[in-house]
Amino acid sequence: MSPSTVTSVLASVPDPSSSAFKKAKRQYIRTTKNRNQDAGANWTPFRAAEKKFKARFPPPDLTDVLDLAAEERGEGGGGGRAISIGSFSDGKNIYTVPAVPGLVLLPSFVSPDAQRTLVQWALRDHARHPNETNLDAHYDLPPEGIWNAHLASLSHPKDVPLIKTKASAVRVVSQGEPSGPRQLISNDAAGTDNLYSLQAIPKPPPEPSTTVSDCSPSELVPKLRWANIGWSYHWGTKQYDFSKGKGHIDSRLRDLCRSAVSSVPWDKVFGGDTLEGWGDDDWKTWNETYEPDAGIVNFYQTKDTLMAHVDRSEVCATSPLVSISLGNAAIFLIGGLTREVEPVPILLRSGDVVIMSGPSCRRAYHGVPRILENTLPEHFGQSPRPADDEADASVSQTESATAVAAPAWEPYRTYMRNARININVRQVFPKGFVPGCQPQSLRQ
């Protein structure tokens, strides 16, 4: 990154004279006072990168972070790690990262209007019944969703019913889970050869927490972490639960993902590929066969992180996974097939789209170790434009939204000041495949 870009991004790092910086320094001194000097000697390269960017003190050095927005402005930031393979009519480029074959970056692909529209959709329209969220296991949520209940409470602050916990109404029987750190789950990669055996794995609902309390909708909103899209994902086994049926995929989101995939000149991404590890998939047919049918909306607060992980649950293990960034910027790490591969750090800004595709990239370890505070774009201070019936069709499909007055947009702006929303959509099955049609040989 250039010095000017580093300066703008480092607005997210506390000033040395600020109370936040001093607090982080005190905590660092306290936690490292008796730490073994060789504590990091056995860290994998990926773990070392996570630690670096998570650190509140000393503030992380961002000069080696790949910043394509700076590259677009002619300020550097690519460092030769990203290559432009095409461009749009507005001059924005399409990039690949040779160190991660199959990784495609579309800076500022989503317009400011469409970003605000997607924020509204994620909070108001999607994070509600029948779409499962992380809160459903622990609270009896109102049918209109926690966000809409929050909006109603702002209008009538003296008459706000509390959201009841499920543990207060249901006797929870402990399953004897071991105490201590959360256990990591290692799941088998899904494929056509083991799909039905994976389906047979029990997928019990999570137990309601006994430590949470009844609270107001506004208190619960910051605890929203994810909302399911399409096929239901079972976090306990890291497999899809097809018994719940396929959820709705919003047409605007589906069209946006298709538009991103179809805009990529895939011959410049995989033209020289040996096709090893592709199975039955073929990038040459993605314009016809790409069909997003599952995904998740991640709701991050600025202190949240997403640790290194690999996506193994989709039968379509090479087709594009489309990830859309909204709100505050973040550091995205993506490496290789093991944590021993040093990851590439990438600065993702609001409106950027990442496409992970192909056998190497879709099985690469990736994570988000840092949300950068105070990086919310100025356009989030404005409400979405009303749809224009005479507007270009491509705009109306991705940017149209119910018109809202400025006061109605204010709760969204307030929420996004300290948040990042990531929408990632993927394809679980080949187009036209219907799970549950078990071969006769497996029914015995």
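Nothing here was measured: the structure is a model prediction, and the numbers come from that model. Numbering of residues starts from 1 in every chain and runs along the sequence as written. Side-chain atom pairs in this predicted model are given and counted only at pLDDT of 80 or more, local residue features only at pLDDT of at least 70, and totals for whole chains, interfaces and linings cover all residues. Computation of side-chain values: all heavy atoms of the structure, hydrogens and water removed.

As for the overall build of the protein chain
- Secondary structure follows DSSP: runs of H or I at least 4 residues long count as helices, runs of E at least 2 residues long count as strands, and numbering of each begins at the N terminus. Helix and strand counts for the protein chain come out as 14 helices and 14 strands.
- Looking at the 444 residues of the protein chain, the share that counts as buried comes to 48%.
- Working note: accessible area of the protein chain is about 22,100 Å², and carbon and sulfur atoms make up 51% of it. Each residue is placed in one exposure class: buried if its accessible area under a 1.4 Å probe, protein chains only, is under 20% of its type's maximum, exposed if it is over 50%, and partly exposed if it falls in between. For the accessible areas, the method is Shrake-Rupley and the probe is 1.4 Å, while residue cover comes only from the protein chains on display.

Some words on the UniProt feature "binding site: Fe cation" (unreviewed entry) in the protein chain
- UniProt positions are given in the numbering used here, feature names are shortened, and annotations may be inferred rather than shown by experiment. In the numbering used here, UniProt assigns the "binding site: Fe cation" (unreviewed entry) feature to His309, Asp311 and His366. A maximum C-alpha distance of 9.1 Å among these annotated residues, which run over 58 residues, shows that they cluster at one spot.
- Examined against the element boundaries, His309 turns out to sit in strand β8 (residues 306–309).
- Excluding residues that lie within four positions of it along the chain, His309 makes contacts with Ala364, Tyr365 and His366.
- Pairs of N or O atoms are called polar contacts if they sit within 3.5 Å, as long as, within protein, a hydrogen donor faces a hydrogen acceptor (for residues adjacent in sequence, only side-chain-to-side-chain pairs). At 3.0 Å, the side chain of His309 and the backbone oxygen of Met307 are in polar contact.
- Relative to the helices and strands, Asp311 resides in the loop between β8 and β9 (321–327).
- A relative accessible area of 11% places Asp311 in the buried class.
- Two residues form a contact once any of their heavy atoms are found within 4.5 Å. Sequence-distant contacts of Asp311, that is, excluding residues within four places in its chain, are made with Leu321, Arg362, Arg363, His366 and Arg426.

Considerations on the sheet that holds β9
- Taken in spatial order, the eight strands make up an open sheet running β1-β2-β3-β12-β9-β14-β7-β4, and their pairing is antiparallel. Every other strand in the sheet has two partners, leaving β1 (83–87) and β4 (226–230) as the edge strands with one partner each. This sheet shows a mean twist of 20° between the axes of neighbouring strands, independent of strand direction.
- What counts as an axis is a line fitted to C-alpha atoms, over the stretch in contact for a helix, and the angles between N-to-C directions run from 0 to 180 degrees. Helix α14 (residues 406–416) contacts β7 (294–301), β9 and β14 (419–426) of the sheet and is inclined by roughly 90° relative to β14. Being paired, for any two strands, means DSSP has found at least two bridges between them.

Points about helix α6 (residues 146–155)
- Among all positions in α6, only Ile146, Trp147, Asn148, Ala149, His150 and Ser153 are buried.
- The secondary structure elements touched by the buried residues of α6 are α5 (112–126), α8 (217–220) and α14.

Topic: unusual backbone geometry
- Residue His129 is joined to Pro130 through a cis peptide bond whose omega torsion reads 10°.
- A positive phi angle, close to 55°, is found at Lys238, a residue other than glycine.
- For Lys238, the location among the structural elements is in the loop between β5 (233–234) and β6 (239–240).
- Overall, the relative accessible area of 27% leaves Lys238 in the partly exposed class.
- Phi at Asn374 is positive, roughly 60°, even though this residue is not glycine.
- For Asn374, the position within the fold is in the loop between β13 (366–371) and α13 (393–399).

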